[in-house]
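Examining the three-dimensional arrangement
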Amino acid sequence: MVRKIALYVFLLVSIFDVVGIIFKIDTLVLIFKPLILLSLLFLYAHSVEEKNKWYVMALIFSFFGDVFLLYAGDTFFKFGLSSFLIAHLLFIVIVVRQLKKISFLNSFIAIILFGFILFTLLYMLKDSLNNLFIPVAIYGLAICVFGVVSFIKFLNARSKKALLMLIGAIVFVASDAILAINKFYYSALVFQITVMVTYITAQFFIYKSMVLVEDK
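The paragraphs below set out a description of the structure included in this document. Keep in mind the model is a prediction, meaning the values are calculated, not measured.

Analysis parameters
- Residues numbered from 1 in each chain as written.
- Predicted model: local features only at pLDDT ≥ 70, side-chain atom pairs only at ≥ 80, totals over all residues.
- Heavy atoms only, no water.
- Helix = DSSP H or I, 4+ residues; strand = E, 2+ residues; numbered from the N terminus.
- Expected span 1.5 Å × (residues − 1).
- Buried < 20%, exposed > 50% of the residue type's maximum accessible area, 1.4 Å probe, protein only.
- Axes fitted to C-alpha atoms, helices over the stretch in contact; angles between N-to-C directions.
- Parallel < 35°, antiparallel > 145°, perpendicular 65-115°, else oblique.
- Left-handed = near helix turned anticlockwise from the far one by under 90°.
- Nonpolar A, V, L, I, M, F, W, Y, C, P; charged D, E, K, R; others polar.
- Patch = residues over 30% accessible without salt bridge, like charges linked within 9 Å, V, L, I, M, F, W, Y side chains within 5 Å.
- Areas by Shrake-Rupley, 256 points an atom, 1.4 Å probe, with all protein chains shown as cover.
- Salt bridge = Lys/Arg side-chain N within 4 Å of Asp/Glu carboxyl O.
- Bend = angle between axes of the 7 residues up to and from the residue.
- Contact = heavy atoms within 4.5 Å.
- Polar contact = N/O pair within 3.5 Å; in protein donor to acceptor, adjacent residues only side chain to side chain.
- Phe/Tyr/Trp six-rings, centres within 6.5 Å; stacked < 30°, edge-to-face > 60°.
- Lys NZ or Arg CZ within 6 Å of the ring centre and 35° of its normal.

1. Considerations on helix α7 (residues 160-184)
What sets the pattern is the α-helix's 3.6 residues per turn: residues three or four places apart point alike. Over its 25 residues, α7 extends 36 Å from the first C-alpha to the last, a length consistent with the 36 Å expected when each residue adds 1.5 Å. Burial runs high along α7: 18 of the 25 residues are buried.

Given below as structure tokens:
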């Protein structure tokens with residue numbers, strides 16, 4: 001019962017945040033955006049008996065990332081980027097700990113796929129990033145590594161748990177790519193909405209993977 005209520009709270013908080021973005025109601029965004037990860041953390045706490053400490057920390061750092069990115073300026077952006085960088089490193093740790101074997105072919109395919117995405121995005125944004133090029137490149141590398149290890153995990157396991165994590169990673173990459181385009185290349189309201197919807201979706205898919213008892 002508590003889990004179902006927690007799920008409804010997560011969905012309601014997410015909807016209010018997206019509504020705030022659509023109608024440009026800053027108060028709604030300021031109130032509900034920080035609550036998205038807090039409500040997801042609460043949902044996770046009531047979804048499993050044994051908590052994964054790496055995942056809990058990833059949610060906490062994602063929460064701080066959301067809070068920092070509420071505010072304008074390069075300093076807050078760097079803090080937000082750093083928080084999400086740590087979150088993605090923790091996601092990587094989670095997936096790597098689940099890997100039983102590593103196939104060279106699977107690794108090669110995954111690296112080529114996500115490497116191409118990273119290279120294309122950085123090439124598109126290189127003239128706009130200026131002094132933020134290195135921080136963005138490091139963050140981009142981290143999230144692509146998350147995608148790579150998730151892809152390898154799925155190709156190895158072919159399980160629903162691995163698929164959910166892979167979908168979460170792919171949608172996360174898409175969300176952050178759109179965020180970067182919106183911030184550094186071309187800003188549009190539709191991009192802001194898409195960023196938030198895909199971000200929420202990515203976090204939820206990762207959560208679903210973490211609570212699914214299927215393989216270790």
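2. Quick word on the packing of α7 against helix α8 (residues 189-211)
Two elements in contact, α7 and α8, have axes whose closest approach is 8 Å; the angle formed by their N-to-C orientations is 160°. One finds that α7 runs roughly antiparallel with respect to α8. Between α7 and α8 lies a crossing whose hand is left-handed. The residue makeup of the contact of α7 with α8, split by class, is 15 nonpolar, 9 polar and 2 charged.

3. As for a nonpolar patch on the surface
Where nonpolar side chains cluster on the molecular surface, the patch consists of L30, I31, L35, L38, Y71, F76 and F79 and spans about 630 Å² of accessible area. Where the nonpolar patch is concerned, the elements lending two or more residues are α2 (26-45) and α4 (74-98). Per-element tally for the nonpolar patch: the top contributor is α2, with 4 residues. Note that L38 resides in helix α2.

4. Some points on helix α5 (residues 104-129)
At Y123, α5 shows its strongest bend, of approximately 35°. Looking at the buried positions of α5, the neighbouring elements they touch are α6 (133-157) and α7. Sitting at the amino-terminal end of α5 is S103, which places a side-chain oxygen 3.4 Å from the backbone nitrogen of L105. Positioned one or two residues after α5, N130 has a phi angle of 55°, which is positive.

5. Quick notes on the packing of aromatic side chains
Pairs of aromatic rings are described using the distance from one ring centre to the other and the angle between the two planes. Inspection of the entire model under this criterion finds 16 aromatic pairs. Pairing F204 with Y207 gives two aromatic rings, centres 5.6 Å apart and planes at 35°, and the pair type is tilted. Placement of the pair is F204 and Y207 together in helix α8, with a separation of 3 residues, close to one helical turn. For F204, a relative accessible area of 23% translates into the label partly exposed. Put simply, the rings of Y44, Y55, F84, F91, F146, F172 and Y199 pair up and form one aromatic cluster. One Lys or Arg, K183, reaches over the ring of F77 and ends 4.8 Å from the middle of that ring. Over the ring of F184 we find K183, and its NZ or CZ is 5.7 Å from the ring centre.

Geometry only, nothing functional implied.
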